[in-house]
Each structure stands twice: as C-alpha cells, then as structure tokens.
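Tertiary structure, described
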Amino acid sequence: MYVLVIKLGAIGDVIRTTAILPGLNDKYKDCKVDWVTKKDSFDILKNNNFINKIYLIGSDINSIKDNEYDLIINLDDDYDACKLISELKSKKIIGAHLKNNERTYTDDSSLWFDLGLISKFGKEKADELKSKNKKTYQEIMYRILDLEYKKQEPILILTDKELSFGKIFADKNKIDENNPVIGINTGAGGRWQDKKLSEKDTAELIDKLNNEISNAKLLLFGGPGERERNKKIKNSIKSSIIDAGCDNSLMEFASLINLCNILVTSDSLALHMGIALKKKIVAFFGPTSSAEIEIYDKGDKVIPKRGCLCCYKKKCDIPPEYSVDKIIEFVLK
C-alpha cells in the first residue's frame, strides 16, 4: 500500500496530524507513506520512521508526479494542495481537492471539512458546527480515514544534537532532576489576538507559582513576536524566571519544551509540541476549540470564567478572562 499524506501547515497542525501514522500502519500493514508539507514543517517530520519520504510543496514537488499512489489523503484546504492532487496518479482520494477549479472535499471527509473554510454550508454555519463539535481532531481524522482509534499519539522525535541543545541550556541555568521545571508559554502569535494570557496575569502566575513551589524552575517561552511582551513580563515580576529566548530555531524550541515537566500554554505550537513530547499539560482556551485538542489524560484544560469561547474570531467580542488561581490549582495537581 502506497499512501500520500498532504498536510502543509500550520506547524502545530502538522504535528498533531502525525497521530494518524500508527493507525495507517496498523490498517495497511507495512504501508509506505510519503508526506507533502511546507519547508517550515520539514524538521518536525524528518526523524519520523513512519514516513518514507517528505516532499516540499512549491520546490521539489515535480519529482512526486511519477509516483502512483493507492491512496492520497489531503487534510489541507490550501488551494495549492488541492491543485496538486489533480496532477498526481492515485486510486483513491480522501479529503480536499479541486472540482471545476473550485475547492471541495470527498463525502467521507465531511466530518472535518464541514467545519472549515471550504465547508459546503458556508463559514457562518461551519463556525457554528465547529463550536458544537465535541470530538478531538485525532478522533475525527481516524473516523474519516476508517482507522481504529486507540488514542494514538502524535510523534515528534528529537535528535541527539537537538537533545544536547536542551542539556547545555539546563546546565547553564543550573536546572537538574531535583527541580520541577514548569514552562510558561502564554503568548500565541498574532492570528487570534485573544488567545494569549495578559501580561499582568502572566506575571501574577509566575510570582504565585514561585511562591507555591520553592524549588521550581520556571521557563518563559516565546517566539520573535513575543520579544517585547516577554520583556515587559520579566520587568513586572517580583520573583525569578529563566528566559528561554525568542529567537530559537524550531527544533531548539522543541528541545527546550522537552526540558519541562509541566507546560502551561495557550492553544499554540508549544501546546502541540508538549503533547507530542508527552509533557504534563495545563492549557487555556479562548477563541479556539478546547474539545478539539486531545491531551491524552496528561493534564487539564482551562476555560475562561468570562468571555468568548470557540468563536474563531480574530478579535473576540468579549475578551476571555481566566482565573490565574485555577491554572495554579491544575499545575499543583
């Protein structure tokens, strides 16, 4: 069985989609799976033993056109991903594709795409369906692919070199096995403005955790977009935190996440990395779906005490408000 999976991004979505690979391997014994993605996601797939070959959309994609697949699975509604399918040879397609040059999707994948941007019901109804959905992303994927769902986990493998990066950081910051390490990742990029915890609440969280757990080592995470935000947080706290930096490469970021025993995080790339690296999770949710996230009985989800929930608006009508004490309660648990 020769299978092609197309999942381009975002990176966190690519990570969680790797959970389908064990299921495919179970159903189609020793199947060969190729994967098409974007360059940004290459590193998180490159060490995955379930993947035969990775192709990058827009660069080396011509080399794939001589292949003939038994099954193509396209879980991405990107136009280029849908167009690619029309240029490939396959016996069966599951997922998004082009019909009369318009994006559509196969009936057996409607459980997922009915909730998305190319939903046959339109965006307003799709958002309503998404807010009512109680199935996790992985459960939906397994259903549309007719695989046996046994809570198979996403896969993220760190090389010795990447693990060494984290070890050097830990040594430099005097982090050892006697220290509970708590990652604080309260930013969330720019797509949904109200995904993040406020700077004030983050500072309060850091100070209270330091007070509750005297020997804890707290790591403050962020990307380039959180540089100024994290600087303000560090300037406003009364206790201490170790800055993990905002300029790490993708796999350096993963290596630092891997140091954590517990990760406090928004619905973001860090969340998906933490889940794949089997960390304890305390995740808070606002404009995006909490039901869709599978945390594999390794933690808790924090829902706003007030404000929007699962609205999928770039800016919430009522910004979410969280209980810092509830987050701390879950961390201590």
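Going by the structure above, here's the rest.
First things first, this report covers the structure right here in the doc. None of the values given here were measured: they were computed from a predicted structure.

1. Re the overall build of the protein chain
- Of regular secondary structure, the protein chain possesses 13 helices and 14 strands.
- Computed over C-alpha atoms, the radius of gyration of the protein chain comes to 20 Å, within 12% of the 20 Å expected from 2.2 N^0.38 for 333 residues, which places it in the range of a compact globule.
- Expressed as lengths along the three principal axes of its C-alpha atoms, the size of the protein chain is roughly 60 × 45 × 35 Å.
- Sequence separation of at least 24 residues holds for 59% of the intrachain contacts in the protein chain that already meet a minimum separation of 6.
- Surface summary for the protein chain: the accessible area is close to 15,600 Å², and the carbon and sulfur share equals 47%.

2. Remarks on unusual backbone geometry
- Cis geometry is adopted by the peptide bond preceding A10, which originates at G9 and carries an omega value of 0°.
- As for its position among the elements, A10 is in the loop between β1 (2-6) and α1 (11-17).
- Non-glycine residue N100 carries a positive phi angle of around 55°.
- With respect to the helices and strands, N100 occurs in the loop between β7 (93-99) and β8 (102-105).
- In this structure, K151 takes a positive phi of about 55° despite not being glycine.
- Position of K151 relative to the elements: it lies in the loop between α7 (137-144) and α8 (160-172).
- Overall, K151 belongs to the partly exposed group, its relative accessible area being 36%.

3. A few points about the packing of aromatic side chains
- If you walk through the whole model with that rule in mind, you get six aromatic pairs.
- An angle of 80° between the planes, with centres 5.0 Å apart, marks the rings of W112 and Y137 as edge-to-face. Within this pair, whereas W112 is found in helix α5 (residues 110-113), its partner Y137 is found in helix α7, the two being separated by 25 residues in sequence.
- A relative accessible area of 12% places W112 in the buried class.
- Here F284 and Y322 contribute two aromatic rings whose centre-to-centre distance is 5.2 Å and whose plane-to-plane angle is 65°, an arrangement assigned as edge-to-face. Here Y322 lies in the loop between β14 (299-302) and α13 (324-332) and F284 lies in strand β13 (residues 280-284), a separation of 38 residues in the sequence.
- Overall, the relative accessible area of 1% leaves F284 in the buried class.
- The buried category is assigned to Y322, whose relative accessible area is 5%.

4. Focus on the environment of K46
- Relative to the assigned elements, K46 resides in the loop between α3 (42-45) and β3 (51-56).
- Assessed through its relative accessible area of 36%, K46 is described here as partly exposed.
- Contacts of K46, omitting those with residues within four sequence positions, involve I54 and E162.

5. Some details on the sheet that holds β3
- Sheet architecture is open: six strands sit in the order β3-β2-β1-β5-β7-β8, paired in mixed fashion. The two strands at the open ends of the sheet, each matched to only one other strand, are β3 and β8. Strand-to-strand, the axes of this sheet are offset by a mean angle of 30°, without reference to chain direction.

6. Topic: the pattern of salt bridges
- Inspection of the entire model under this criterion finds 29 salt bridges.
- For the salt bridge of D127 with K123, the shortest nitrogen-to-oxygen distance reads 2.6 Å. Here D127 pairs with K123, and both are found in helix α6 (residues 123-132), just four residues apart, close to one helical turn.
- Residue K151 pairs with D297 through a salt bridge whose shortest N-O separation is 3.6 Å.

7. What to know about the nonpolar core
- Counting 67 residues, the largest nonpolar core has L24 and I44 as its most contacted members.
- When residues in this core are grouped by element, the largest group, six residues, is from helix α11 (residues 250-257).
- With residues up to four places along the chain from it excluded, the contact list for I44 reads I11, V14, I15, I155, L156, L250 and M251.

8. Some remarks on the sheet that holds strand β10 (residues 217-220)
- As summarised here, the arrangement of the six strands in space is β11-β10-β9-β12-β13-β14, forming an open sheet in which the pairing is parallel. On the outer flanks of this sheet lie β11 (242-243) and β14, each paired with one strand and no other.
- Most of the contacts of α13 go to β14, to which it runs at about 175°, and overall it touches β9 (181-185), β12 (262-266), β13 and β14.

9. What to know about the side chain of S255
- Within the secondary structure layout, S255 lies in helix α11.
- Setting aside chain neighbours within four positions, we find S255 in contact with L158, E162, L163, F165 and G166.

Conventions we followed
- Residues numbered from 1 in each chain as written.
- Predicted model: local features only at pLDDT ≥ 70, side-chain atom pairs only at ≥ 80, totals over all residues.
- Heavy atoms only, no water.
- Helix = DSSP H or I, 4+ residues; strand = E, 2+ residues; numbered from the N terminus.
- Rg over C-alpha atoms; globule rule 2.2 N^0.38 Å.
- Contact = heavy atoms within 4.5 Å.
- Areas by Shrake-Rupley, 256 points an atom, 1.4 Å probe, with all protein chains shown as cover.
- Buried < 20%, exposed > 50% of the residue type's maximum accessible area, 1.4 Å probe, protein only.
- Phe/Tyr/Trp six-rings, centres within 6.5 Å; stacked < 30°, edge-to-face > 60°.
- Pairing = 2+ DSSP bridges.
- Axes fitted to C-alpha atoms, helices over the stretch in contact; angles between N-to-C directions.
- Salt bridge = Lys/Arg side-chain N within 4 Å of Asp/Glu carboxyl O.
- Core = buried A, V, L, I, M, F, W, Y, C linked by side-chain atoms within 4.5 Å.

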